[in-house]
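Geometric and topological summary
Here are the chains, one letter per residue:
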Amino acid sequence: MEKQWSINYIPEGGRLTGHLIVRDDEITFKALYDSSFKTIAKNIGFAVGALAGSGGGLTYLRDDGENAEIVIPCASIVRAEEAKKGIMKRVVVTLTDGTDHTFEYGMLGVKKLVAAINEVAAAA
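Residues numbered from 1 in each chain as written. Predicted model: local features only at pLDDT ≥ 70, side-chain atom pairs only at ≥ 80, totals over all residues. Heavy atoms only, no water.

Brief notes about the pattern of salt bridges
One pass over the full model with this rule turns up 7 salt bridges. Between Glu2 and Arg23 there is a salt bridge whose closest N-O contact spans 3.1 Å. One end of the pair, Glu2, is in strand 1 (residues 2-9); the other, Arg23, is in strand 2 (residues 16-23), with 21 residues separating them in the sequence. The exposed category is assigned to Glu2, whose relative accessible area is 54%. Here Glu104 ties to Arg90 by a salt bridge, and the two come within 2.8 Å at their closest N and O atoms. With Glu104 in strand 8 (residues 100-104) and Arg90 in strand 7 (residues 88-95), the pair connects residues that are 14 residues apart, well separated along the chain. Like Glu104, the residue Arg90 is buried in the burial classification. (Salt bridge = Lys/Arg side-chain N within 4 Å of Asp/Glu carboxyl O. Helix = DSSP H or I, 4+ residues; strand = E, 2+ residues; numbered from the N terminus. Buried < 20%, exposed > 50% of the residue type's maximum accessible area, 1.4 Å probe, protein only.)

Observations concerning the nonpolar core
In terms of nonpolar packing, the biggest core is built from 26 residues, with Phe29 and Ile117 touching the most fellow members. Those elements that place two or more of their residues in this core are strand 1, strand 2, strand 3 (26-34), strand 5 (68-73), strand 6 (77-85), strand 7 and helix 2 (111-123). The biggest single contributor to this core is helix 2, with 6 residues. (Core = buried A, V, L, I, M, F, W, Y, C linked by side-chain atoms within 4.5 Å.)

Here's the deal with the side chain of Thr102
Position of Thr102 among the secondary structure elements: in strand 8. Not counting chain neighbours up to four residues away, the residues in contact with Thr102 comprise Asn8, Tyr9, Ile10, Arg90, Val91 and Val92. (Contact = heavy atoms within 4.5 Å.)

All we've got here are geometric facts, nothing functional implied.
Take a look at the structure:
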């Protein structure tokens, strides 16, 4: 199985826009650009710094100098849950080490994304 969403990743103090890919063995967020309110710039170097400050834990960073990805192995996922901040709908992924990773999908529904993450986590 592989499913993909265009979504925002919300590390502490930032916002990155990219693609979240749910696979059988891992969840990968491919950062396209920094979309925080402070800076709207297509600068992957800044995105790498923001990803590195995302909490780490059971995640790891792939960076080839041009593209940056944050990878979460499915075996380390405890659960995914829906959350809201105002009218914005979010998915909070909790890992076995207690860290949370937040993805924001704007006003669009997140039920299918939550179900896909929980399905691969249960199978891992």
